[in-house]
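Structure assessment
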Protein chains: 2
Amino acid sequence: MAFENIKELVDEYRKVWSINYAISLMSWDRETYMPPSDASIRGEVIGIFSEMLKEEYLKLNNLVSKYQGKENLSDEEKGFIRVLNREIKFYVKVPIEIIKELNKVTTEAVVVWREAKKESNFAKFKPYLEKIVELERKIADHLGYEKNPYDALLDLYEEGFTVDDGDKVFNTLLPNLKDILQKVREKGYFPETHPLEEVSYDTKDMEKVNMEIVKLLKMPEDSFRLDVSPHPFTIRISGNDVRITTRYEGKDFKRTIYSVIHESGHATYELLIDKNLEGTPLAQGASMGLHESQSRFWENVVGRSREFIHLIYPLLTKYLDFVRKYDEEEIYKYVNTVKPSLIRVDADEVTYNFHIVLRYEIEKKLINEEIKVAELPEIWNDFMDKYLGVRPKNDSEGVLQDIHWSQGSIGYFPTYTLGNVVAGMTYSAYSKLKEDISNGNIEGIKEWLRERICKYGAIYSPKELLMRAFGKTYDPEDLLRYLREKYLKE
Amino acid sequence: MAFENIKELVDEYRKVWSINYAISLMSWDRETYMPPSDASIRGEVIGIFSEMLKEEYLKLNNLVSKYQGKENLSDEEKGFIRVLNREIKFYVKVPIEIIKELNKVTTEAVVVWREAKKESNFAKFKPYLEKIVELERKIADHLGYEKNPYDALLDLYEEGFTVDDGDKVFNTLLPNLKDILQKVREKGYFPETHPLEEVSYDTKDMEKVNMEIVKLLKMPEDSFRLDVSPHPFTIRISGNDVRITTRYEGKDFKRTIYSVIHESGHATYELLIDKNLEGTPLAQGASMGLHESQSRFWENVVGRSREFIHLIYPLLTKYLDFVRKYDEEEIYKYVNTVKPSLIRVDADEVTYNFHIVLRYEIEKKLINEEIKVAELPEIWNDFMDKYLGVRPKNDSEGVLQDIHWSQGSIGYFPTYTLGNVVAGMTYSAYSKLKEDISNGNIEGIKEWLRERICKYGAIYSPKELLMRAFGKTYDPEDLLRYLREKYLKE
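All of these numbers come straight from a predicted model, not from anything done at the bench. (Residues numbered from 1 in each chain as written. Chains lettered and ligands numbered in written order. Predicted model: local features only at pLDDT ≥ 70, side-chain atom pairs only at ≥ 80, totals over all residues. Heavy atoms only, no water.)

The strands making up a sheet associate through backbone hydrogen bonding, with each pair oriented either parallel or antiparallel. Residue and element names in this part refer to chain A. Strand order in the open sheet formed by 3 strands is β1-β3-β2, and the pairing between neighbours is mixed. Both edges of this open sheet fall to β1 (224-228) and β2 (234-238), since each of them pairs with a single strand only. Ignoring which end each strand starts from, the neighbouring axes of this sheet average 25° apart. One ladder, built from 4 bridges, connects β2 with strand β3 (residues 241-246); its direction is antiparallel. From the neighbouring strand, Ser-238 faces β3, where its bridge partner is Asp-241. (Pairing = 2+ DSSP bridges. Helix = DSSP H or I, 4+ residues; strand = E, 2+ residues; numbered from the N terminus. Axes fitted to C-alpha atoms, helices over the stretch in contact; angles between N-to-C directions.)

Here we take up the pairing of strand β2 (residues 234-238) of chain B. Across the 5 residues that make up β2(B), a large majority, 4, are buried. The turn joining β2(B) and strand β3 (residues 241-246) of chain B, which pair antiparallel and follow one another in sequence, is formed by 2 residues. (Buried < 20%, exposed > 50% of the residue type's maximum accessible area, 1.4 Å probe, protein only.)

All names here are of chain B. Relative to the helices and strands, Arg-82 resides in helix α3 (residues 75-93). Exposure remark for Arg-82: the relative accessible area of 21% places this residue in the partly exposed category. Not counting chain neighbours up to four residues away, the residues in contact with Arg-82 comprise Glu-159, Ala-458, Ile-459, Tyr-460 and Ser-461. Here the side chain of Arg-82 touches Ile-459 through a polar contact of 2.8 Å, landing on its backbone oxygen. (Contact = heavy atoms within 4.5 Å. Polar contact = N/O pair within 3.5 Å; in protein donor to acceptor, adjacent residues only side chain to side chain.)

Looking now at the packing of helix α5 (residues 122-143) of chain B against helix α6 (residues 149-157) of chain B. All names here are of chain B. At a closest axis distance of 8 Å, the pairing of α5 and α6 adopts a crossing angle of 85°. With respect to α6, the element α5 is oriented roughly perpendicular. Here Glu-136, Ile-139, Ala-140 and Leu-143 of α5 come into contact with α6, specifically with Pro-149, Ala-152, Leu-153 and Leu-156. The residue makeup of the contact of α5 with α6, split by class, is 7 nonpolar, no polar and 1 charged. (Parallel < 35°, antiparallel > 145°, perpendicular 65-115°, else oblique. Nonpolar A, V, L, I, M, F, W, Y, C, P; charged D, E, K, R; others polar.)

So, about the pattern of salt bridges. Residue and element names in this part refer to chain B. Evaluation of the coordinates by the stated rule reveals 124 salt bridges over all chains. With its nearest N and O atoms 2.7 Å apart, the salt bridge here joins Arg-296 to Glu-292. Of this pair, Arg-296 and Glu-292 both sit in helix α10 (residues 288-302), 4 residues apart, which is roughly one turn of the helix. Comparing Arg-296 with Glu-292, the two get one shared label, buried. (Salt bridge = Lys/Arg side-chain N within 4 Å of Asp/Glu carboxyl O.)

Residue and element names in this part refer to chain A. For Leu-73, the location among the structural elements is in the loop between α2 (39-64) and α3 (75-93). Judged by relative accessible area, Leu-73 falls into the buried class, the value being 11%. In the structure, Leu-73 is positioned 123 residues away from Leu-196 in sequence and 57 Å away in space, judged by C-alpha atoms. When near neighbours in sequence (up to four residues on either side) are disregarded, Leu-73 contacts Asn-5, Ile-6, Tyr-67, Lys-78 and Ile-81.

So, about the nonpolar core. Formed by 350 residues in total, the largest nonpolar core has its most connected members in A:Leu9, A:Phe49, A:Phe253, A:Phe297, B:Leu9, B:Phe253 and B:Phe297. In contact with B:Leu9, not counting residues within four places along its chain, are B:Leu60, B:Leu63, B:Val64, B:Tyr67, B:Phe80, B:Ile81 and B:Leu84. (Core = buried A, V, L, I, M, F, W, Y, C linked by side-chain atoms within 4.5 Å.)

Now for the sheet that holds β2(B). All names here are of chain B. Pairing in this open sheet of 3 strands is mixed, and the strands run β1-β3-β2 from one edge to the other. At either end of the open sheet lies a strand with only one pairing partner, and these are β1 (224-228) and β2. Averaged over all pairs of adjacent strands, the angle between their axes in this sheet comes to 25°, without regard to strand direction. As paired strands, β1 and β3 are joined by 5 bridges and run parallel to one another. Following the sheet pairing, Arg-225 is matched in β3 by Arg-243. Along the sheet, helix α9 (residues 254-272) contacts β1, β2 and β3; its crossing angle with β3, the most-contacted strand, is approximately 165°.

A few words now on the interface of chain B and chain A. Counting from both sides, the interface comprises 36 residues of chain B and, opposite them, 36 residues of chain A. Note on chain B versus chain A: buried area summed over both sides is about 3000 Å², and carbon and sulfur give 63% of it. Per-residue buried area on chain B facing chain A is highest for B:Tyr21, B:Tyr33 and B:Pro35; these three make up 17% of the total on that side. Along the contact surface separating chain B from chain A lie 8 salt bridges. Between B:Arg243 and A:Asp29 there is a salt bridge, with the nearest N and O atoms lying 2.8 Å from each other. (Buried area = accessible area lost by both parts, 1.4 Å probe.)

It is worth spelling out a positive patch on the surface at this point. On the surface, A:Lys204, A:Lys208, B:Lys204 and B:Lys208 cluster together into a positively charged patch. When residues of the positive patch are traced back to their parent elements, those giving at least two are α8 (203-216) of chain A together with α8 (203-216) of chain B. Here B:Lys204 is to be found in helix α8. (Patch = residues over 30% accessible without salt bridge, like charges linked within 9 Å, V, L, I, M, F, W, Y side chains within 5 Å. Areas by Shrake-Rupley, 256 points an atom, 1.4 Å probe, with all protein chains shown as cover. Lys, Arg positive; Asp, Glu negative; His and termini not counted. Charge placed at Lys NZ, Arg CZ, Asp CG, Glu CD.)

Let's shift gears to helix α17 (residues 442-452) of chain A. By the burial criterion, the buried members of α17(A) are A:Ile442, A:Gly444, A:Ile445, A:Lys446, A:Trp448 and A:Leu449. Those residues of α17(A) that are buried lie in contact with α8, α9 (254-272), α10 (288-302), α15 (414-429), α16 (433-438) and α18 (462-470) of chain A.

Expressed as a screw transformation, the operator carrying chain B onto chain A has a rotation angle of 179° and an axial translation of 0.1 Å, and the superposed copies differ by an RMSD of 0.1 Å. Expressed as a symmetry operation, the mapping of one chain copy onto the other fits a two-fold axis. Taking C-alpha positions as the reference, the residue of chain B nearest the rotation axis is B:Ala22, at 3.1 Å. Take the interface residues of chain B: 100% of them recur as interface residues in chain A, which is what a same-surface contact looks like. (Least-squares fit on C-alpha atoms with pLDDT ≥ 70 in both.)

Residue and element names in this part refer to chain B. Listing the buried residues of helix α17 (residues 442-452) in full gives Ile-442, Ile-445, Lys-446, Trp-448 and Leu-449. All buried residues of α17 fall inside an arc of 160° around its axis, so they share one side. Those residues of α17 that are buried lie in contact with α8, α9, α10, α15 (414-429), α16 (433-438) and α18 (462-470). (Arc of directions from axis to C-beta.)

Below is the structure:
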């Protein structure tokens, strides 16, 4: 056993682990099978469990200090202490009054945001966002940082990722993506829209397609589930119980298929983590960015490849009559339309990261008090105009579109692009990938990912893991090369 | 709020309540949707939660003593303290070594019992049962009793129910049931078997029938679920989230229908408990017997009545082709076959209680050391022979048929008959019942049950609740009258 020097910590962590286990199951059930009347009780119980979690973390905080700086620890033991300290950090460093205030504000803010979005009324949401930014700034101060307060917030989601890193990534991406987008549009091979987007499907048929896709992706029947929920998500109950969901909107079938492939990517990461790490804080992805790299690798690099379309074409035509009049190449175009659009979650591979550059710049400047909340709508709309050539008609399709800020998540958005960046790095490093997809060698792909990335769980920080896997950290050049190769045949 | 004098207790109980909530959900999920690989991890997490529960109870034990004997408490407050003391009792009075030993023995015994049952090998199970009986006797001593050690065990499942009560109930039932059974068989109106028992059904059709039955029983969509599991059960997550399961065996459709009606009876009890009791130990049934009275009232008294068959006949014939060639009266006979049989769980209304009398007598004598475990097979088989005229060919269809003893549940069986007894009392007291069933006035029946019994939860002990509802406690005469009326037209 890899944790013999910190056995006491491992034993004590068992309670945290089981509380998290129960919270995960309660959360999954809330989105899938819970009778609606139980919603507020469920919220209360999860709240009580979060309190219990905090108590346990504070107990562990006293214990973990004994092991700080201890020598001759294994990588797993060092990782355990590092991640545990990260989990505790928020409770220990941020005064309880601030946490409570943030909880209070965000609980209200989510409700207000929903109304404001519906009414396209930014003024309504503005005071809440101002308060949230103010609190997040305070939190950054309490958490501590070396150069930039935004670093402290970025670190909550992507350990060790800083504004220096972010500027490098986003400053490289922006002009290059602009160039790629322009050329894709000039070439005209990938259409902006496709007639299949308007075609309705029967949910029962679609469920069969998704079950076949999950089978094709070799998702293990005995430790995996696919269910239905309003918003697709992945949740780990344990390493032997990872669940995803999708939704059926009734038309434009690529939406449900690619949500299944995306979430299966997240699930695959969880399922490939070394089972010996179960019950420790290491049984999770290395970071949000690394997690997203797996989902986007499967969704985009694998799932939207020409080879994958060849693989799934027979099962699409088997269950979906209306697909039969399109050939494989046409389906390839359908799943790879490129169109500058207003809404992040609907964006394609080429335009997606523009949406994130915008949010990164706004968050960075907000936290550094270089811009004011009141200015956001205009900054937002100008950026969209300048880089994507589309301008929101109102704030609900602009600055109000995402829930994240209302929940107090500032620093989260960049991890979406980091996911794309690392997926690109994976594509570059994996020379046999196209061959493996062509041959339907999904197990081979999983083995590759397991050995390079997944099995380590959170033993190493994301930067260290990337260095071990690729010899470099977040390098956007690979993503750009991937996009040029796929979309420009360069 | 009805608990203002014990606010501190109510607040502290919140943790117990939420731990139980999570355990319930994890248990439900284990039987329904959990991927099989997670079984042992799930067991471990539930074990950790049970430990947490115990810790919380011990904390509450210190607190509750402050309120003991306090005056001017409301019925709810007195009930809270009474039930909390009952929940704590086991942990406080029984030495931890005995609890641990019992857990150890029963964990093994369940496995051994399963093998012994399969092999029909009582000798294999015998040493485990001997150990369990010995431990249960010790537990009875630690729990304390006035007259009979078996009283202490009965009280765990049916508060205040004693051997004096039990002897009165079972000594009245035995000769009378014998008389009724003989006459039913002489009359010959209710057949022993029915051709429909051999007819296979399509599970999809059957699911539709069950959904319609649940609708007909007015189970509330927003706080109730019906799912599938290997063994049907009811579980309360909260008063706004009560779930039942059924199973589909592929033939003899009454089995799945009546499991749905039975479990819906349990669920209805939980759903009718006053919502203001949520979060307290009073938000549960008054006892196992009372709970079983509700399930059996719905299953047998309502569900197997001629009037109910009239009500469901249209939906049976709508979905099940093969029912169309039988008329209502024939379906009534099909769901009310009477046949002395070896297996308790397959028994009908007339013969069911014989099985319980036998188990009650055996448990009572075992705990009082009047018989030995080694003698059980013979005692068992002789009783079956004498009272039901059937003799087990082997112990797997005799003394080894039930899981209960292997789990350490001694004192539980009698509550099944108490359920029938109280269902009979309910029938007697409810003069408009047949009219309400005929009119499909299910809400009316629920209102009657709510006001008489259900809304009180566990505020009153079962005996006090019965006195309030019926002016008497466990009176078997009503059950006998019900059976004579139904089966003998007397």
